[in-house]
Amino acid sequence: EPEVTQTPSHQVTQMGQEVILRCVPISNHLYFYWYRQILGQKVEFLVSFYNNEISEKSEIFDDQFSVERPDGSNFTLKIRSTKLEDSAMYFCASLRRPRTGTDTQYFGPGTRLTVL
Amino acid sequence: DQQVKQNSPSLSVQEGRISILNCDYTNSMFDYFLWYKKYPAEGPTFLISISSIKDKNEDGRFTVFLNKSAKHLSLHIVPSQPGDSAVYFCAANGGTSYGKLTFGQGTILTVHP
């Protein structure tokens with residue numbers, strides 16, 4: 001069964017450093033997402049991406065964040081200058097096509113980001 | 001932002017009995033609802049969904065009920081099994097064209113043998 005994969009599973013970085021989290025969505029999916037979950041809190045939407053551009057983003061997704069689909073298979077989330085409060089699990093998700101009655105997003109296993 | 005709420009942080013059930021997990025929402029624009037199951041250090045796994053044009057959807061041991069007038073949905077698991085022990089998240093499609101999901105806080109289900 002196709003699945004979303006993410007690398008690395010755990011990333012430790014120093015405050016102020018740049019990190020890139022990588023995801024390989026399901027191959028025939030067209031919409032891609034990043035969510036995060038701070039320990040003990042709910043899963044929060046960060047950004048959606050379609051047709052090589054951001055389609056929607058949350059207040060959390062400020063200028064320090066960017067997303068890219070560099071080669072048609074990978075989908076990346078970059079945090080330019082990490083802060084302590086960026087420590088969280090980051091989940092990538094993909095979806096074939098929304099609002100068709102089969103709006104199921106499939107999630108990757110997550111990357112645990114620890115900012116020291 | 002409390003558009004999707006799961007008011008019970010935890011639920012404990014005996015094996016073989018019914019588990020009922022509840023979820024309330026406030027945004028009338030939500031029209032598609034999903035339940036995800038999550039184990040520690042793993043991503044959410046899709047369980048079952050329901051469109052707002054239905055009031056019930058069933059898949060094996062899992063049934064989701066939607067009461068639009070009350071803005072309430074519930075997940076029934078019958079019979080419950082110890083392997084069902086996990087965190088269950090209710091999520092709603094944000095009503096936009098791009099599929100953004102809004103999640104509840106989650107309910108920890110523990111099924112005792």
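In what follows, the accompanying structure is described. (Residues numbered from 1 in each chain as written. Chains lettered and ligands numbered in written order. Predicted model: local features only at pLDDT ≥ 70, side-chain atom pairs only at ≥ 80, totals over all residues. Heavy atoms only, no water.)

A few words now on the nonpolar core. Residues and elements named next belong to chain B. Ranked by size, the top nonpolar core spans 23 residues in total, and within it Phe 33, Trp 35, Leu 73, Leu 75 and Tyr 88 carry the most contacts. Mapped onto this core, the elements with two or more residues apiece are strand 3 (19-25), strand 4 (32-38), strand 5 (45-51), strand 7 (62-67), strand 8 (72-77), strand 9 (86-93) and strand 11 (107-112). Tallying contributions element by element places strand 9 first for this core, with 4 residues. Once you skip the residues sitting within four places of it in the chain, Tyr 88 turns out to touch Gln 6, Leu 21, Trp 35, Tyr 36, Lys 37, Leu 47, Leu 75, Ile 77, Gly 106, Thr 107 and Leu 109. (Core = buried A, V, L, I, M, F, W, Y, C linked by side-chain atoms within 4.5 Å. Buried < 20%, exposed > 50% of the residue type's maximum accessible area, 1.4 Å probe, protein only. Helix = DSSP H or I, 4+ residues; strand = E, 2+ residues; numbered from the N terminus. Contact = heavy atoms within 4.5 Å.)

Moving on to the state of the cysteines. All names here are of chain A. Under the defined criterion, the tally for this structure stands at 2 disulfides over all chains. Here Cys 23 connects covalently by a disulfide to Cys 92, the sulfurs 1.9 Å from one another. The sign of the S-S torsion, about -65°, decides the handedness of the disulfide formed by Cys 23 and Cys 92: left-handed. Here Cys 92 lies in strand 9 (residues 88-95) and Cys 23 lies in strand 3 (residues 19-24), a separation of 69 residues in the sequence. (Disulfide = S-S within 2.5 Å.)

Residue and element names in this part refer to chain B. Where nonpolar side chains cluster on the molecular surface, the patch consists of Ile 18, Ile 20 and Val 78 and spans about 230 Å² of accessible area. Note that Ile 18 resides in the loop between strand 2 (10-14) and strand 3. A relative accessible area of 40% places Ile 18 in the partly exposed class. (Patch = residues over 30% accessible without salt bridge, like charges linked within 9 Å, V, L, I, M, F, W, Y side chains within 5 Å. Areas by Shrake-Rupley, 256 points an atom, 1.4 Å probe, with all protein chains shown as cover. Salt bridge = Lys/Arg side-chain N within 4 Å of Asp/Glu carboxyl O.)

All right, on to the pairing of strand 3 of chain A then. All names here are of chain A. Residues Val 19, Leu 21 and Cys 23 point to one face of strand 3 and are all buried, whereas Ile 20, Arg 22 and Val 24, pointing to the other face, are not buried. As paired elements, strand 1 (residues 5-7) and strand 3 share 3 bridges and run antiparallel to each other. Opposite Thr 7, over in strand 3, you have Arg 22 as the bridge partner. As defined by bridge partners, strand 3 adjoins strand 8 (residues 75-79) across 5 bridges and the pair is classed as antiparallel. Opposite Arg 22, over in strand 8, you have Thr 76 as the bridge partner. (Pairing = 2+ DSSP bridges.)

On to the side chain of Ser 94 of chain A, then. In this structure, Ser 94 of chain A sits in strand 9. There is a polar contact of 3.4 Å between the side chain of Ser 94 of chain A and the backbone nitrogen of Ile 26 of chain A. (Polar contact = N/O pair within 3.5 Å; in protein donor to acceptor, adjacent residues only side chain to side chain.)

What follows concerns the interface of chain A and chain B. Each partner contributes residues to the interface: chain A has 23 residues there, and chain B has 26 residues. Around 2,000 Å² of area is buried between chain A and chain B when both sides are counted, 57% of it from carbon and sulfur atoms. If you look at where chain A meets chain B, you find 0 salt bridges. Going through the elements one at a time, strand 4 (31-37), strand 5 (44-50), strand 6 (53-57), strand 9 and strand 10 (106-107) of chain A are the ones with two or more residues in the side of chain A that touches chain B. (Buried area = accessible area lost by both parts, 1.4 Å probe.)

Once that is clear, we can look at the pattern of salt bridges. Taken as a whole and assessed by the stated rule, the structure comprises 3 salt bridges over all chains. Put simply, Glu 44 of chain A and Arg 36 of chain A hold a salt bridge, and the shortest N to O gap is 3.3 Å. In this structure, Arg 61 of chain B engages Asp 84 of chain B in a salt bridge whose closest nitrogen and oxygen atoms are separated by 2.8 Å. Here Arg 61 of chain B is found in the loop between strand 6 (56-59) and strand 7, whereas its partner Asp 84 of chain B is found in the loop between strand 8 and strand 9, with 23 residues between them in sequence. Judged by relative accessible area, which is 2%, Asp 84 of chain B ranks as buried.

Let's shift gears to the environment of Ser 9 of chain A. Checked against the element boundaries, Ser 9 of chain A lands in the loop between strand 1 and strand 2 (10-13). When residues no more than four places from it in sequence are discounted, the contact partners of Ser 9 of chain A are Gly 110, Thr 111 and Arg 112 of chain A.

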